[in-house]
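The lines below spell out each chain.
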Amino acid sequence: MKNFFLLAAVFFSLSIYSQILQDELPSIIEAETKAALHSIQGAENLNTGNYDLTYHRLELTVDPGVAFISGDVTSHFIAKENLNEITFELSDNMVVSEVIQRGTPLSYTQNSDDEVVITLPQVQNTGVLDSLTIRYSGNPISSGFGSFEQTTHNGDPIIWTLSEPFGAKGWWPCKQDLNDKIDVIDVYITSPQFNPSNEEYIAVSNGLEQSQEVNGTMKTTHFKHQHPIPAYLIAIAVTNYEIYTHEVANNGNPFEVVNYVYPEDAASWQANTGVTVDIMNLFTNLFEEYPYADEKYGHAQFGWGGGMEHTTVSFMGSHSRDLIAHELAHQWFGDKITCGSWKDIWLNEGFATYLTGLTVENLDGDTAFRSWRQSKISSITSQSDGVVYIPDNDTTSVNRIFSSRLTYNKPSMVLHMLRKKLGDAVFFQGVQDYLSDANFAFGYAKTPDFIGKMEAASGADLTEFFNDWIYNEGYPSYTIQWNDTGANQVSVIINQSQSHSSVSYFEAGVPLRLSGSGGEVLEVVLENVTDGETFLVDVTFPVTSVAFDPDRHLISRNNSVILGINESLLSSQFFVYPNPFGSELQIKKPNDVTISRIEIIDALGRTIMTPAVQNSLQLEGLSSGVHFVKFETNVGIIYRSVVKN
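First, a word on what this report is: a plain description of the structure on this page. This structure is a prediction, so every number in the text was calculated from the model and none was measured. (Residues numbered from 1 in each chain as written. Predicted model: local features only at pLDDT ≥ 70, side-chain atom pairs only at ≥ 80, totals over all residues. Heavy atoms only, no water.)

### Points about the overall build of the protein
Alright, step 1. When helices and strands are counted, the protein shows 14 helices and 36 strands.
Alright, step 2. Along the first, second and third principal axes, the C-alpha set of the protein runs to 110 × 55 × 45 Å.
Alright, step 3. In the protein, buried positions account for 56% of the 645 residues.
Alright, step 4. Taken as a whole, the protein presents about 24,900 Å² of accessible surface, with 48% of it coming from carbon and sulfur.
Alright, step 5. Taking the average place of the 36 positive charges on the side chains of the protein and the average place of its 77 negative ones, the gap between the two points comes to 9 Å. (Helix = DSSP H or I, 4+ residues; strand = E, 2+ residues; numbered from the N terminus. Buried < 20%, exposed > 50% of the residue type's maximum accessible area, 1.4 Å probe, protein only. Areas by Shrake-Rupley, 256 points an atom, 1.4 Å probe, with all protein chains shown as cover. Lys, Arg positive; Asp, Glu negative; His and termini not counted. Charge placed at Lys NZ, Arg CZ, Asp CG, Glu CD.)

Written as structure tokens, this is what we have:
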């Protein structure tokens, strides 16, 4: 009987259905995947989980002309359990020469698992704070992590680092888990004062520069960063930088955007980086004050395409506005709040990509933002599958983790759709609540954490939304069939198919634009939750056309909008006779309606005959009683009920 009632419900309904612009973000992704290519396998070290780091002092000596580093790294740590030994991560080609605790050398071993295992002189009890210093040296380039580079620009030597996500151990002893941030760091960089051309070397690192001290031919620059930071966001660079600044007013508490650029490129950079102030002001107004306003923000030019969001100083391969916006956005999403696992990396990259879109919206206007959304949708729907939330078996695949389509573009549009679903006020309040929550701020967050904050802000259950768009795969395709009823209403029927079987139906607000012959326009969003759902839209003008999602707010592809025949007109012009009938059934239809298939369906919804398509149907063998005739036509599917004597 279920099929019978379904047929009855659609008896007079018509159902019918009828760009790929790749946007790959290659320059941004190039840098963000760089170190990961060498170091993602076996990234989590279970032997470093028994202590919490509170402080690092990195005292490093480098020469930009030589692929070598030496240094002392002092670490303060709190035992999470009683400790007899403690493990730090360091590539096995780096040489530890000494480990010291309060002036006393400690026993240690280095192993092929890139570990320095240190024997403590006595048990360090749970909750107790202690410290030690590791003295080491070596050629980090030979480690194979790609996180430390010694190259040149315009013939001038440069050293720079890029450790995302687990390459820090290639150049300094550290702990790399995505669950422990260092509360405070001091970075002392000692290098020759001048390069071979007698130009001064300038050192760059996280935080606020404290001092420069010259000792003979060597110079030591001290930076201090007083906000929690993961190991992969600590960075250094040294070359003959030229420095210039922009000031951010910051509501009467100004701070500097400090730019470290190659002298040969200084004029070009100065002409383009001033927009950083406008973007900083935009993000501050939309979300919250820049998280590191008590220190600095900056850009340091380096020798790799794209950029990397090192806290307070993004390393940049170019000065394009999109790259500036993307890396600045990471200071909130990725640096202040860092994804708690690879599965959740969209919380870093999806947000940074969407904030680049918000920059387009606010600095360029609606038309440019529409084009931005279109390019993202085209990329997302260029393939029919793929999930944003990374499955277990893909968490060691660099190409999957840094997929432009699934990690950058799709979640950026999911955030936009969430904004349209909740409204601007609720959406931005929810994101502000997420950023300010003490459980996540300057720490780590996972997807359920973000969902919880958005549900709390909106009072809505967002389970279905995130299941469809983040945890499962694909996108919808829509058929929109409409009729102007002539009674100040337009009838709209929505049908949907899905590109992947993981989603049974994408429940979504469907944007439509209804236009009239006199230039009238009505924008509506129909909250569609089931296939074949019918809506009656009140209008004050005769509607001549309907456009599906004209402003590109919804991830979808292969959509069609079809003008159906007015059902009252269809009833009088498309019919079968005689009714009841004996053995022959005649069909009367308008000339512009073409029939492609006919089915005879019984009262239980079963197809029992498929007669040839012609104007006269010979149905002698049909049993007596009520039946339905289903016509597949160029204007939709039409049902007519008949009675056989």
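### Side note on the environment of Ile-345
Alright, step 1. Structurally, the position occupied by Ile-345 is in the loop between strand S21 (337–339) and helix H7 (346–364).
Alright, step 2. Classification of Ile-345 as buried rests on a relative accessible area of 1%.
Alright, step 3. Spatially, the C-alpha atoms of Ile-345 and Val-261 are 30 Å apart, while their sequence positions differ by 84 residues.
Alright, step 4. Leaving out residues up to four positions away in the same chain, Ile-345 has contacts with Cys-339, Ile-390, Ile-401, Phe-402 and Thr-407. (Contact = heavy atoms within 4.5 Å.)

### Here we look at the packing of H7 against helix H10 (residues 404–422)
Alright, step 1. At a closest axis distance of 7 Å, the pairing of H7 and H10 adopts a crossing angle of 65 degrees. Crossing geometry of H7 relative to H10 is assigned as right-handed. Contacts from Trp-346, Glu-349, Gly-350, Phe-351, Thr-353, Tyr-354, Leu-358 and Glu-361 of H7 reach H10 at Thr-407, Tyr-408, Asn-409, Pro-411, Ser-412, Leu-415, His-416 and Arg-419.
Alright, step 2. Across the contact of H7 with H10, the residue classes break down as seven nonpolar, six polar and three charged. (Axes fitted to C-alpha atoms, helices over the stretch in contact; angles between N-to-C directions. Left-handed = near helix turned anticlockwise from the far one by under 90°. Nonpolar A, V, L, I, M, F, W, Y, C, P; charged D, E, K, R; others polar.)

### With respect to unusual backbone geometry
Alright, step 1. The peptide bond linking Tyr-577 to Pro-578 adopts the cis configuration, its omega dihedral lying at -10 degrees.
Alright, step 2. With respect to the secondary-structure elements, Pro-578 resides in the loop between strand S30 (575–577) and strand S31 (584–588).
Alright, step 3. Cis peptide bonds are those with omega within 30 degrees of zero, and the linkage from Asn-579 to Pro-580 qualifies with 10 degrees.
Alright, step 4. Non-glycine residue Phe-442 carries a positive phi angle of around 60 degrees.
Alright, step 5. Relative to the assigned elements, Phe-442 resides in the loop between helix H11 (424–436) and strand S22 (443–445).
Alright, step 6. A relative accessible area of 23% means that Phe-442 is categorised as partly exposed.

### What about the packing of helix H5 (residues 275–286) against H7?
Alright, step 1. Their axes nearest at 11 Å, the elements H5 and H7 cross at an angle of 105 degrees. In terms of their interaxial angle, H5 and H7 are classed as roughly perpendicular. Residues Val-275, Ile-279, Leu-282, Phe-283 and Leu-286 of H5 form the contact with H7, whose own contacting residues are Leu-355, Leu-358, Thr-359, Asn-362 and Leu-363. (Parallel < 35°, antiparallel > 145°, perpendicular 65-115°, else oblique.)

### Some remarks on the sheet that holds strand S12 (residues 202–205)
As a general point, the strands of a sheet are linked pairwise by backbone hydrogen bonds and lie either parallel or antiparallel.
Alright, step 1. Pairing is antiparallel in the open sheet, where four strands are placed in the order S9-S10-S15-S12. Because the sheet does not close on itself, it has two edges, and the strands there are strand S9 (148–153) and S12. On average, each strand axis in the sheet is tilted by 15 degrees relative to the strand beside it, whichever way the strands run.
Alright, step 2. One ladder, built from four bridges, connects S12 with strand S15 (residues 236–239); its direction is antiparallel. Paired with Ser-205 across the bridge in S15 is Ile-236. (Pairing = 2+ DSSP bridges.)

### Some thoughts on H5
For an α-helix, the turn length of 3.6 residues means that residues three or four places apart are oriented alike.
Alright, step 1. Across its 12 residues, H5 extends 17 Å between first and last C-alpha, which sits within 8% of the 16 Å expected from 1.5 Å per residue.
Alright, step 2. Here H5 lies mainly inside the structure; nine of its 12 residues are buried. (Expected span 1.5 Å × (residues − 1).)

### Some details on the pairing of S9
Alright, step 1. Pairing of S9 with strand S10 (residues 156–161) involves six bridges; the strand directions are antiparallel. Following the sheet pairing, Thr-152 is matched in S10 by Pro-157.
Alright, step 2. Where S9 folds back onto S10 in an antiparallel hairpin, the turn is made up of two residues, including Asn-154, whose phi is positive at roughly 55 degrees.

### So, the pattern of salt bridges
Alright, step 1. Enumeration according to the criterion identifies 19 salt bridges in this entry.
Alright, step 2. A salt bridge links Arg-57 to Glu-59; the nearest nitrogen and oxygen atoms lie 3.4 Å apart.
Alright, step 3. Notably, a salt bridge pairs Arg-597 with Glu-599, separated by 2.9 Å at the nearest N-O pair.
Alright, step 4. The class for Arg-597 is partly exposed, based on a relative accessible area of 34%.
Alright, step 5. Connected via shared salt-bridge partners are Asp-72, Glu-98 and Arg-135. (Salt bridge = Lys/Arg side-chain N within 4 Å of Asp/Glu carboxyl O.)

### Some remarks on the nonpolar core
Alright, step 1. Counting 87 residues, the largest nonpolar core has Phe-283, Phe-287, Phe-450, Val-492 and Leu-512 as the members making the most contacts within it.
Alright, step 2. The greatest single-element share of this core, amounting to eight residues, is contributed by H7.
Alright, step 3. Once residues within four sequence positions are removed from consideration, Val-492 is found in contact with Ile-480, Gln-481, Trp-482, Leu-512, Leu-526, Glu-533, Thr-534, Phe-535 and Val-537.
Alright, step 4. Ranked by size, the runner-up nonpolar core spans 71 residues in total, among them Ile-182, Ile-236, Val-313 and Phe-315. (Core = buried A, V, L, I, M, F, W, Y, C linked by side-chain atoms within 4.5 Å.)

### Focus on the sheet that holds strand S18 (residues 297–301)
Alright, step 1. On the basis of which strands lie adjacent, the open sheet formed by five strands has the order S16-S17-S18-S20-S19 and mixed pairing. Of all the strands in the sheet, just strand S16 (242–248) and strand S19 (307–308) have a single pairing partner and so form its edges.
Alright, step 2. The pairing of strand S17 (residues 255–261) with S18 spans four bridges and is classified as parallel. Looking across to S18, one finds that Val-257 is bridged to Tyr-297.
Alright, step 3. Together, S16, S17 and S18 form the strand contacts of H5, whose direction differs from that of S16 by roughly 35 degrees.
Alright, step 4. The strands touched by helix H6 (residues 321–330) are S18, S19 and strand S20 (314–316); relative to S20, the strand with the most contacts, the crossing angle is about 155 degrees.

Interpretation note: all reported values are geometric properties and have no functional meaning in isolation.
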